[in-house]
Amino acid sequence: MLKIDEFESVFRSAVKDNYRHQDIGIRSAVLLTDLSESEAQALLAQVKVYCAAVHDLANVSWHMLSGTEFQQAEVLLNSIEQFDVDLIVTYRNLYSNAWQHPFSLGEHLDILVQKTPTPVLVIPHPHANYKRDPSLNSCTSAMVVTDHLVNNHRLVSSGLTFLPQKGELYLTHIEDQFYFDRIIDAFSKIPNIDTELATQTLSEQLLKAPAEYIKSVITELDALEKQIHVNAIVEFGHQLKDYIKHIEQKRVDLLVIDAKDGEQMAMHGLAYPLAIEVRNIPVLML
């Protein structure tokens, strides 16, 4: 007969967290730019092409805040609030020449991401030579990156919002190999624990939940008759390095990351280093 704790473990392992699709509802958007009026209009036209799938879901009302004169971040925030938008589109180092160097997002983008609940689509800087050409031509594939994929329905749904019918969605979950090895090393120093068995069962369990969650995404999309092809990337590795490797190898058109942390003012987990490193394609920061 199973012991109580064994029964509880069996019960818990049988409980699955299934994906529930959400209507993100982007019906109004604003482009923030420090370009001249003519350049800004040309950029807005490109952004609309890139966001074609969003337009297919709703007739998006576009606004634009442009101007070559410096604006304080707080002034910019107040201007955005007047539009009551569902999406902000801009680029790193707004009102700064620091976009030429791969070191920061700039004060405006830092404040925008942290102080507004509105998703921010960070596109490559229009004057930069590091953007993938053509980075704003279309969005047919998206990769969702987070350190906790399970039950992150909004993140997955947001990636889907930007994809057309028959688009490609990559759902990724990379367990930190270095941290895992430290845990196993600690287990190896406890005499009554079978280290080999612990390594096998723990690694399987850590990858099981995200793999099953991704399967539930596929099931839900099939039920909704969405023809999106879902690709699962669930593995151990070096998180930042391997996420970037997959982004480059798959040549995705959009990276979707969770930028907010409810427990601190700083940007969430891997969001900041990923936003710094991935400059050649648009990044959707929630």
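Since we're looking at a predicted model, the values are computed, not measured.

Draft legend 1. Main features of the overall build of the protein chain. In terms of helices and strands, the protein chain carries ten helices and nine strands. By the burial criterion, 46% of the 286 residues in the protein chain qualify as buried. Taking contacts inside the protein chain between residues at least 6 apart in sequence as the whole, the part at least 24 apart equals 80%. For the protein chain, the accessible surface area stands at approximately 15,100 Å², while carbon and sulfur atoms represent 51% of it.

Draft legend 2. How the structure looks around the pattern of salt bridges. Applying the stated criterion to the full structure yields four salt bridges. When the shortest N-O distance is used, the salt bridge between Arg27 and Asp23 registers 3.4 Å. The residue Lys115 makes a salt bridge to Glu74 at a minimum N-O spacing of 3.2 Å. With Lys115 in helix H5 (residues 107-115) and Glu74 in helix H4 (residues 73-83), this pair connects stretches of sequence that are 41 residues apart.

Draft legend 3. Representation of the nonpolar core within the structure. Counting residues in hydrophobic clusters, the biggest one holds 80 residues, and the most contacted among them are Leu121, Phe162 and Leu169. Looking at which element gives the most residues to this core, the answer is helix H2 (residues 37-50), with five residues. Phe162 has contacts with Ile26, Tyr50, Cys51, Ala53, Val54, Leu87, Leu121, Cys139, Leu254 and Leu284, leaving out every residue within four places of it along the chain.

Draft legend 4. Quick peek at the packing of H4 against H5. Packing of H4 against H5 leaves a shortest axis separation of 10 Å and a crossing angle of 45°. In this view, H4 runs oblique relative to H5, as classed from their interaxial angle. Between H4 and H5 the crossing geometry is right-handed. Where H4 abuts H5, its residues Ala73, Glu74, Leu76, Leu77 and Ile80 lie against His108, Ile111, Leu112 and Lys115. Looking at side-chain class alone, the contact of H4 with H5 contains six nonpolar, one polar and two charged residues.

Draft legend 5. Local environment of the packing of aromatic side chains. By the definition in use, this model includes two aromatic pairs. Their ring planes at 85° and their centres at 6.3 Å tell us that Tyr19 and Tyr213 sit as a pair that is edge-to-face. Placement of the pair is Tyr19 in the loop between helix H1 (4-14) and strand S1 (28-32) and Tyr213 in helix H8 (residues 195-223), with a sequence separation of 194 residues. For Tyr19, a relative accessible area of 3% translates into the label buried. By relative accessible area, Tyr213 is classed as buried at 0%. Judged by centre distance (4.8 Å) and plane angle (55°), the rings of Phe180 and Phe236 are tilted. In this pair, Phe180 is assigned in helix H7 (residues 177-188) and Phe236 in strand S7 (residues 229-237), connecting sequence segments 56 residues apart.

Cut-offs and rules
- In every chain, residue numbers begin from 1 and rise along the written sequence.
- Totals for whole chains, interfaces and linings use every residue, but because this is a predicted model, local features are given only for residues with pLDDT of at least 70 and side-chain atom pairs only at 80 or more, for both listing and counting.
- By convention in this description, side-chain values take in all heavy atoms of the structure and omit both hydrogens and water.
- A run of DSSP states H or I qualifies as a helix once it reaches four residues; a run of E qualifies as a strand once it reaches two. Both are numbered from the N-terminal end.
- Think of it in three bands: residues with accessible area under 20% of the maximum for their type are buried, residues over 50% are exposed, and the middle band is partly exposed, with areas taken using a 1.4 Å probe on protein chains only.
- In this description, contact between two residues means that some pair of their heavy atoms is separated by no more than 4.5 Å.
- In these tables, accessible area is a Shrake-Rupley quantity obtained with a 1.4 Å probe, and a residue counts as shielded only by the protein chains included in the view.
- The salt bridge criterion pairs a side-chain nitrogen of Lys or Arg with a carboxyl oxygen of Asp or Glu, the two atoms within 4 Å.
- We define the nonpolar core as a collection of buried residues of types Ala, Val, Leu, Ile, Met, Phe, Trp, Tyr and Cys that are connected through side-chain atoms lying within 4.5 Å of one another.
- Whenever a helix is involved, its axis is fitted only over the stretch in contact; in every case the axis is a line through C-alpha atoms, and angles between N-to-C directions fall within 0 to 180 degrees.
- Throughout, the term roughly parallel applies to angles under 35 degrees, roughly antiparallel to angles over 145, roughly perpendicular to angles from 65 to 115, and oblique to all others.
- A crossing counts as left-handed when the near helix is turned anticlockwise from the far one by less than a right angle, and as right-handed when that turn is clockwise.
- In this classification, Asp, Glu, Lys and Arg are treated as charged, Ala, Val, Leu, Ile, Met, Phe, Trp, Tyr, Cys and Pro as nonpolar, and every other residue, Gly included, as polar.
- The pairing test for Phe, Tyr and Trp rings, Trp by its six-membered ring, is centres within 6.5 Å, and the orientation test on the planes gives stacked under 30 degrees, edge-to-face over 60, and tilted for anything in between.

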